[in-house]
Amino acid sequence: MKHNFGAGPCILPKEVFQQASEAVIDFNNTGLSILEISHRSKEFEAVIDEATQLVRELLAVPQGYSILFLQGGASLQFAMAPLNLLPEGGKAAYLDTGVWATKALKEAKKFGTVDVVASSIDKNYSYIPKGYSIPSDAVYFHYTSNNTIYGTEVFEKPATELPVVVDMSSDIFSREINVADYDLIYAGAQKNMGPAGVTLVIVKDDILGKSGRVLPSMLDYKLHIDGGSMYNTPPVYSIFVSMLNLRWLKAKGGVPVLEQENIIKARALYDEIDRNPLFKGTAAVEDRSRMNVTFVMDTPELEAEFLALAKERNLIGIKGHRSVGGFRASIYNALPLSSINALIDAMKEFEDTRK
């Protein structure tokens with residue numbers, strides 16, 4: 001058995017892979033592949049309607065919010081959000097907690113003034129800044145809820161009266177959130193929702209249409225809302241597989257059940273990192289991510305040996321990002337506890353060889 005700790009595109013449940021592969025040959029007994037059906041067909045309209053309803057149900061999305069399935073990844077949202085929300089000459093507030101937060105604020109600077117309210121770059125993004133102030137004259141506040149590279153996570157929405165925009169690409173559906181606390185949520189699908197190729201956007205309707213900008217049609221949230229996520233041809237297969245995965249999540253008991261499983265998985269791995277004298281975590285304890293566990297070795301020269309052992313034990317994708325080094329175990333929703341235990345066993349085995 002392969003244990004996939006890759007940071008993304010991520011592991012999905014086996015039954016989702018099975019159902020998705022069957023639909024490539026024959027989708028819903030139509031005699032057509034899901035890859036060739038019309039996005040305007042009643043069969044695909046049923047898919048996008050169900051996917052939308054599952055998002056609304058699983059995240060308890062209130063009325064007054066629209067749900068979109070777009071393309072371009074979170075990287076396009078870095079520009080699309082300020083383009084839709086920030087008037088000419090306006091100011092936005094951004095929290096800098098890593099590579100993706102930095103890319104988001106760099107894009108926003110192309111459309112207005114950006115006030116970086118705090119940054120953790122001084123310690124290589126190993127913590128979440130606290131005690132900062134958010135300017136009241138900003139149009140909105142933006143932050144990244146989980147930092148895949150550095151292994152930190154923001155569990156509580158920062159206190160502000162401003163509209164809040166959040167990039168939840170790597171922790172959406174992993175824990176309960178109050179959608180009403182946010183005005184715009186965006187997330188690349190390829191961590192916990194589905195395959196790469198589709199981006200989830202949840203937007204409060206009444207924040208739109210106020211920037212005064214002339215927007216390119218493909219970058220206008222309102223046009224996508226009016227078009228039901230089908231202003232242009234949508235990523236049919238990615239939306240379909242996301243729908244299957246959201247069905248699986250609902251059948252498991254929904255986000256609250258997955259959150260408890262994720263707490264158990266993360267706690268088990270962090271406990272071993274803290275216990276094992278060969279390893280140490282890189283993120284501040286209070287800010288440790290439940291999705292991306294980053295750790296190194298006290299003796300860096302041993303890291304190649306441990307990676308070799310991991311490969312022998314079918315532990316895939318644990319090499320750390322070059323910005324941090326060491327190891328990164330991404331433990332998204334579909335990764336079972338048995339895979340966590342396999343990694344822990346390898347860490348213990350490696351410790352025993354050093355005694």
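Please read these numbers as outputs of a predicted model, since none were measured by experiment.

Colleague: Break down the sheet that holds strand 11 (residues 279-281) for me, citing the residues and quoting the values.
Modeller: Reading across from one edge, 11-12-14 is the order of the 3 strands in this open sheet, with antiparallel pairing throughout. With partners counted over all chains shown, the strands left at the sheet margins are strand 11 and strand 14 (327-330), one partner each. Ignoring which end each strand starts from, the neighbouring axes of this sheet average 35° apart. Pairing of strand 12 (residues 292-297) with strand 14 involves 4 bridges; the strand directions are antiparallel. Along strand 14, the bridge assignment pairs Asn292 with Ser330. Where helix 7 (residues 255-275) meets the sheet, its contacts fall on strand 11, strand 12 and strand 14, and the angle it forms with strand 12 comes to roughly 15°.

Colleague: Residue-level account of the pairing of strand 10 (residues 199-204), with values.
Modeller: In terms of residue burial, strand 10 counts as a mostly covered element, since 5 of its 6 residues are buried. Here 5 bridges tie strand 9 (residues 184-188) to strand 10, and the two strands are oriented antiparallel to one another. The residue bridging Ile185 from the neighbouring strand is Ile202, located in strand 10.

Colleague: An account of the side chain of Thr160 is requested, with residue identities and associated values reported.
Modeller: Within the secondary structure layout, Thr160 lies in the loop between strand 7 (152-153) and strand 8 (164-167). For Thr160, the residues in contact, after removing those within four places along its chain, are Ile134 and Phe141.

Colleague: Now, about the pairing of strand 4 (residues 113-119): what can you tell me, with residues and values included?
Modeller: As paired elements, strand 3 (residues 91-96) and strand 4 share 6 bridges and run parallel to each other. Residue pairing for strand 4: Asp96 is matched across the bridge by Ser119. Crossover handedness for the path strand 3 to helix 4 (residues 99-108) to strand 4: right-handed.

Colleague: Any details on helix 3 (residues 73-85)? Residues and values, ideally.
Modeller: An α-helix turns once every 3.6 residues. As a result, residues three or four positions apart point the same way. In a regular helix each residue adds 1.5 Å, so 13 residues correspond to 18 Å; helix 3 covers 18 Å between its end C-alpha atoms and thus fits that length. Considering bend angle alone, the principal kink of helix 3 is centred on Ala79 and spans about 25°; proline Pro82 follows within four residues of it. Burial within helix 3 is extensive, with 10 of its 13 residues counted as buried. When helix 3 is considered as a whole, its buried residues turn out to be Ala74, Gln77, Phe78, Ala79, Met80, Ala81, Pro82, Leu83, Asn84 and Leu85.

Colleague: Can you tell me about the UniProt feature "domain: Aminotransferase class V" (unreviewed entry) in the protein, naming the residues and giving the values?
Modeller: In the numbering used here, UniProt assigns the "domain: Aminotransferase class V" (unreviewed entry) feature to residues 4-340. For residues 4-340, the end-to-end C-alpha separation is 10 Å, with 33% helix and 17% strand making up the annotated structure.

Colleague: Describe the nonpolar core, and please don't skip the residues or the numbers.
Modeller: Counting 90 residues, the largest nonpolar core has Val55, Leu59, Phe69, Phe173, Ile202 and Phe306 as the members making the most contacts within it. With 9 residues, the top contributor of residues to this core is helix 6 (residues 236-252). Here this core spans two domains, since at least three of its residues come from each of domain 1 (15-251) and domain 2 (254-354). Listed in part, the 27 residues of the second largest apolar core include Ala79, Ala81, Ala104 and Leu184.

Colleague: Hey, could you go over the domain arrangement of the protein for me, with residue numbers and the actual values?
Modeller: Domain boundaries assigned for the protein yield domain 1 (15-251) and domain 2 (254-354). Taken together, the contact between domain 1 and domain 2 spans 27 residues of the former and 25 residues of the latter. Counting each side, the surface lost to burial between domain 1 and domain 2 is near 2100 Å², with a carbon and sulfur contribution of 53%. At the boundary of domain 1 and domain 2, one finds 1 salt bridge. Put simply, Lys130 and Asp287 hold a salt bridge, and the shortest N to O gap is 2.8 Å. At the boundary of domain 1 with domain 2, the tally comes to 16 residue pairs in polar contact (both at pLDDT 80 or more). Those elements that provide at least two residues to the side of domain 1 that touches domain 2 are strand 6 (146-147), strand 7 and helix 6. Partitioning the side of domain 1 that touches domain 2 into residue classes produces 10 nonpolar, 10 polar and 7 charged.

The rules behind each value
Residues numbered from 1 in each chain as written. Predicted model: local features only at pLDDT ≥ 70, side-chain atom pairs only at ≥ 80, totals over all residues. Heavy atoms only, no water. Pairing = 2+ DSSP bridges. Helix = DSSP H or I, 4+ residues; strand = E, 2+ residues; numbered from the N terminus. Axes fitted to C-alpha atoms, helices over the stretch in contact; angles between N-to-C directions. Contact = heavy atoms within 4.5 Å. Buried < 20%, exposed > 50% of the residue type's maximum accessible area, 1.4 Å probe, protein only. Right-handed = clockwise from strand over helix to strand, strands pointing away. Expected span 1.5 Å × (residues − 1). Bend = angle between axes of the 7 residues up to and from the residue. UniProt positions renumbered as here; feature names shortened; annotations may be inferred. Core = buried A, V, L, I, M, F, W, Y, C linked by side-chain atoms within 4.5 Å. Domains from an automatic or database assignment. Buried area = accessible area lost by both parts, 1.4 Å probe. Salt bridge = Lys/Arg side-chain N within 4 Å of Asp/Glu carboxyl O. Polar contact = N/O pair within 3.5 Å; in protein donor to acceptor, adjacent residues only side chain to side chain. Nonpolar A, V, L, I, M, F, W, Y, C, P; charged D, E, K, R; others polar.

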